[in-house]
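A closer look at the structure
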Amino acid sequence: ADADSAARPSSAAEASAPPSSAPARDERSRERSPDTRPGLGTEWGETRTSRVHDVSFVRDSSRPFAFATLHYNDRRGVEAMASLQAQRETRRDVAAGGGAITIAIKDASGSPLEAVHVGSRTMVVGQAGQRYSIVLTNHTDHRFESVVTVDGLDVINGKPGTTENRGYVLMPFATLEIEGFRQSTSAVAAFRFAAVGESYAAQTGSARNVGVIGVAFFSERGDTFVDRNELRLRDTASPFPADPRFAQPPRR
């Protein structure tokens, strides 16, 4: 489903042009030049139609109940990062909220991109010039607000990411496809993998955080959502977790 039918932003009216602010000069001077860095970033691509409108959503808390992070790079970069860890597992999505929501990175045809799970990291394999989208799937009957960043930039307003920004509302049992940086309530600039120096982040200030995609999820005030981790704990709770012969003194 597209952004209009699957989920809607709580403040999409704020999304528009690229930000004009930039980090302090001394901060940039410590960074390696984007044009000399290997691997991939995400550029400001062609305009694509993506209609949204505002809806009301009051967060249950100022703190997200779940986070999801995906790293991406070209194959050589992913293999280099994976070699730092002994354990590797191939997977194509990431779960958040105890499995209540899954996040996948898909290509232009809708197929999940190859990904490698190493330790606590999931690294997606991309190719320069390839268009991609971030796909969120809600497996519950609850609404969630999702604040999404690419290369450290909020996908709605293009500014440095913070959980204080408003995001997209993910409807019950719905799939939301985020195709690019939002330009207006009817269009986005497509996500495309590109050289670091050509990335939107590098072009608008700093490439310090290229190669990472983040999603923060908020539950709704008044909702009774309980994540699946809690359900699993309760389902496996034991009435007699230990059965010693005699009482034990308390630990000091």
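In short, a report on the structure. Values in this document were obtained by computation on a predicted structure and should not be read as measured data. (Residues numbered from 1 in each chain as written. Predicted model: local features only at pLDDT ≥ 70, side-chain atom pairs only at ≥ 80, totals over all residues. Heavy atoms only, no water.)

**Examining empty space enclosed by the protein**
Throughout the structure, instances matching the rule amount to 1 cavity of 30 Å³ or more. Of the pockets and cavities examined, the largest cavity occupies roughly 30 Å³. Looking at the lining of the largest cavity, the elements that each hand over two or more residues are β6 (101-107) and β8 (121-125). (1 Å grid on protein atoms, 1.4 Å probe; cavity = no way out; pocket = protein on both sides within 12 Å on 5 of 7 lines; lining within 4 Å. Points joined across faces, edges and corners; volume = space filled by probe spheres on them. Helix = DSSP H or I, 4+ residues; strand = E, 2+ residues; numbered from the N terminus.)

**Let's talk about the layout of surface pockets**
Its volume calculated, the second largest pocket comes out at about 190 Å³. Looking at the second largest pocket, it is lined by 13 residues, and the ones nearest its centre are R37, Y72, N73, V210 and G211. At 3 residues, strand β3 (residues 66-73) tops the list of elements feeding residues into the lining of the second largest pocket. Residue composition of the lining of the second largest pocket, grouped by class: 7 nonpolar, 4 polar and 2 charged. (Nonpolar A, V, L, I, M, F, W, Y, C, P; charged D, E, K, R; others polar.)

**Topic: the side chain of R59**
Position of R59 among the secondary structure elements: in the loop between β2 (40-49) and β3. Side chain to side chain, R59 and E145 meet in a polar contact 2.9 Å long. Each residue touching R59, except ones within four places of it in the same chain, is listed here: E145, V147, T163, E164, N165, R166, G167, F218, S219 and R221. (Polar contact = N/O pair within 3.5 Å; in protein donor to acceptor, adjacent residues only side chain to side chain. Contact = heavy atoms within 4.5 Å.)

**Digging into the nonpolar core**
Counting residues in each nonpolar core, the largest one holds 40 residues, and the members touching the most others are I103, Y132, I134, L136, I178 and F217. When residues in this core are grouped by element, the largest group, 4 residues, is from β3. Those residues within four positions of I178 in sequence are excluded, and the remaining contacts are S133, I134, L136, V148, V155, Y168 and F191. Ranked by size, the runner-up nonpolar core spans 5 residues in total, among them V78, V116, M123 and V125. (Core = buried A, V, L, I, M, F, W, Y, C linked by side-chain atoms within 4.5 Å. Buried < 20%, exposed > 50% of the residue type's maximum accessible area, 1.4 Å probe, protein only.)

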